[in-house]
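The residues making up each chain are set out below.
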Amino acid sequence: MSRPAADVMDVDVVTFSLKGRVTVHTVGSIWAEAAQALARNPDRPIVIDASRLEYIDATGIALIYDLQRGRRPAGAEVEIRGLDPSLAALIPSYDPVELEEPARGGRGLGAIERIGRATLAQLSAAARMLTFLADCGVALLQAIPRRGIIRWGEVLSVAAEAGANAVPIVLLIGFLMGVIIAFEIGLVAQQFGAVIFVVDGVGVAVLRELGALMTAIVFAGRTGAAFAAQIGTQKVNEEVSAIVTFGLDPLRFLVLPRLIAAVLVVPLLTVLADVVGIFGGALVLAGFNIGFVQFYNHLLGAVGIEDFLVGLAKAAIFGLAIAAIGCQRGLATGAGATSVGLSATSAVVTSIVWIVVLDGLFTVLISS
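So, how was this worked out
- Residues numbered from 1 in each chain as written.
- Predicted model: local features only at pLDDT ≥ 70, side-chain atom pairs only at ≥ 80, totals over all residues.
- Heavy atoms only, no water.
- Helix = DSSP H or I, 4+ residues; strand = E, 2+ residues; numbered from the N terminus.
- Rg over C-alpha atoms; globule rule 2.2 N^0.38 Å.
- Buried < 20%, exposed > 50% of the residue type's maximum accessible area, 1.4 Å probe, protein only.
- Contact = heavy atoms within 4.5 Å.
- Areas by Shrake-Rupley, 256 points an atom, 1.4 Å probe, with all protein chains shown as cover.
- Lys, Arg positive; Asp, Glu negative; His and termini not counted.
- Charge placed at Lys NZ, Arg CZ, Asp CG, Glu CD.
- Phe/Tyr/Trp six-rings, centres within 6.5 Å; stacked < 30°, edge-to-face > 60°.
- Lys NZ or Arg CZ within 6 Å of the ring centre and 35° of its normal.
- Salt bridge = Lys/Arg side-chain N within 4 Å of Asp/Glu carboxyl O.
- Bend = angle between axes of the 7 residues up to and from the residue.
- Expected span 1.5 Å × (residues − 1).
- pLDDT = per-residue confidence, 0-100.
- Pairing = 2+ DSSP bridges.
- Right-handed = clockwise from strand over helix to strand, strands pointing away.

Within the protein chain, the secondary structure is distributed over 13 helices and four strands. What you see for the protein chain is a C-alpha radius of gyration of 35 Å, clearly larger than the 21 Å of a compact globule of 368 residues, by over 25%. Here the protein chain holds 368 residues, and the buried ones make up 39% of them. Across the protein chain, every contact between residues at least 6 apart in sequence was considered, and the portion connecting residues at least 24 apart equals 81%. For the protein chain, the exposed surface amounts to about 19800 Å²; the carbon and sulfur share of it is 65%. Of note, the protein chain has its 25 positive side-chain charges centred 2 Å away from the centre of its 30 negative side-chain charges.

Structure, rendered in structure tokens:
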């Protein structure tokens, strides 16, 4: 291998020859020699003969760019000859003068424009989520008739982690919701001698609304974030890319087990929240001279099976939305640990927003 060198010939046209390999280890002496040659010949044209140049790294690119784009008087320009096209393609083509131009101050966005951009961003995010749900639905429909596509062992593992381990916090939240509702409404109803009708409020509120709603919020904060963090970490570690390389579909391999587990688990947790919520309400009303038997008999006349089924339907939809959002945020994670944290946070916030929106749509559709 020839040694990189620079040859200078003092004639009317100064020829500077580059040969061999110009790398970080050799560029220092070459650059110094070239700078001296240009300084000794400020008014003479310079020709850089690169026909024998074999290899350059980033420092070699910087050297040639500096020689070629350096400021010289008219008639003393620097010309590069014989540079291999593959090496010439690495040399930047922009003029250094462009970098000296001051940055132009951008016009500040008005309030309406900011609102419009934020709205478009939210609509775009909703469109991406709907597209993701459609892809998941297609993958599920294709997997159902084909045996072995859905990994039921993974589904049960996710369900145990997301459901069984969440039972204590769901029971606590459900019990406290029943206690708070019964106590607050009972204080008002007592002034009118209508404490018995508090049973109606507790039953309808817990079975139709709060049981599913509070369970979904707890599930979003606990499990939705976990889904986003797990898949996001796999994305950062390039495990998702490895899955694709092996010819596997990440939707079927990672997303479907979590979607199915969430749809199965959230309704079951909601049933537990309903039971302990009503029990908490009964305990409070016992302090208002409403016995357990009286509470039970009045509850049977106040609520029906449809109230219970509405709550379960909401819970299933909430679970599907939470799992889908968590998985979508995980698959959209960028590089670095910070992106994983942002994906988990975004999954929780987005899930809660969608839970409230879906609950409102349910209320409007059922009431109409």
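Additional details are given in the paragraphs that follow.
A few words on the packing of aromatic side chains. Scanning all chains against the criterion turns up one aromatic pair. Their ring planes at 40° and their centres at 6.5 Å tell us that Phe175 and Phe279 sit as a pair that is tilted. Here the residue Phe175 occupies a position in helix 7 (residues 167-190), and Phe279 occupies one in helix 10 (residues 250-286), the gap between them amounting to 104 residues. Owing to a relative accessible area of 29%, Phe175 belongs among the partly exposed residues under this scheme. The positively charged end of Arg21 is found above the aromatic ring belonging to Tyr55, 4.3 Å away from the centroid.

Here we come to the pattern of salt bridges. Here the structure, examined in full by the defined rule, presents four salt bridges. Measuring nitrogen to oxygen at the nearest pair gives 3.3 Å for the salt bridge that ties Glu113 to Arg117. Taken together, the positions of Glu113 and Arg117, both in helix 5 (residues 111-143) and four residues apart, correspond to about one turn of that helix. Judged by its relative accessible area of 28%, Glu113 falls in the partly exposed class. Note that Glu209 is salt-bridged to Lys314, the shortest N-O span being 2.7 Å. Of this pair, Glu209 sits in helix 8 (residues 198-236) while Lys314 sits in helix 12 (residues 305-331), and the two are 105 residues apart along the sequence. Residue class for Lys314 comes out buried when judged on its relative accessible area of 2%. What you see here is one network of salt bridges that share partners, running through Glu209, Lys314 and Asp359.

A separate point is helix 8. Largest kink in helix 8: about 55°, centred on Val206. Positive backbone phi, approximately 65°, marks Glu238, located one or two places after helix 8.

Turning our eyes to something else, we now look at helix 7. For helix 7, with 24 residues, the first-to-last C-alpha span of 34 Å sits near the 34 Å given by 1.5 Å per residue. Where helix 7 is concerned, the buried positions are Val170, Gly174, Gly178, Ile181, Ala182, Gly186 and Ala189. Against the buried residues of helix 7 lie helix 8 and helix 10.

Attention shifts here to the confidence of the model for the protein chain. Low pLDDT marks regions whose predicted coordinates should not be analysed in detail. Here the protein chain averages 82 in pLDDT, and 91% of its residues register 70 or above. Note on residues 5-11: pLDDT under 50 across the span, and 22 contacts to partners over four residues away in sequence or across chains.

Note that strand 2 (residues 14-22) and strand 3 (residues 46-56) share eight bridges and pair parallel. Paired with Lys19 across the bridge in strand 3 is Arg52. A crossover links strand 2 with its parallel partner strand 3, the connecting element being helix 1 (residues 27-40), and its sense is right-handed. Where strand 3 lies against strand 4 (residues 78-81), four bridges are found, and the strand directions are parallel. From the neighbouring strand, Ile46 faces strand 4, where its bridge partner is Val78.

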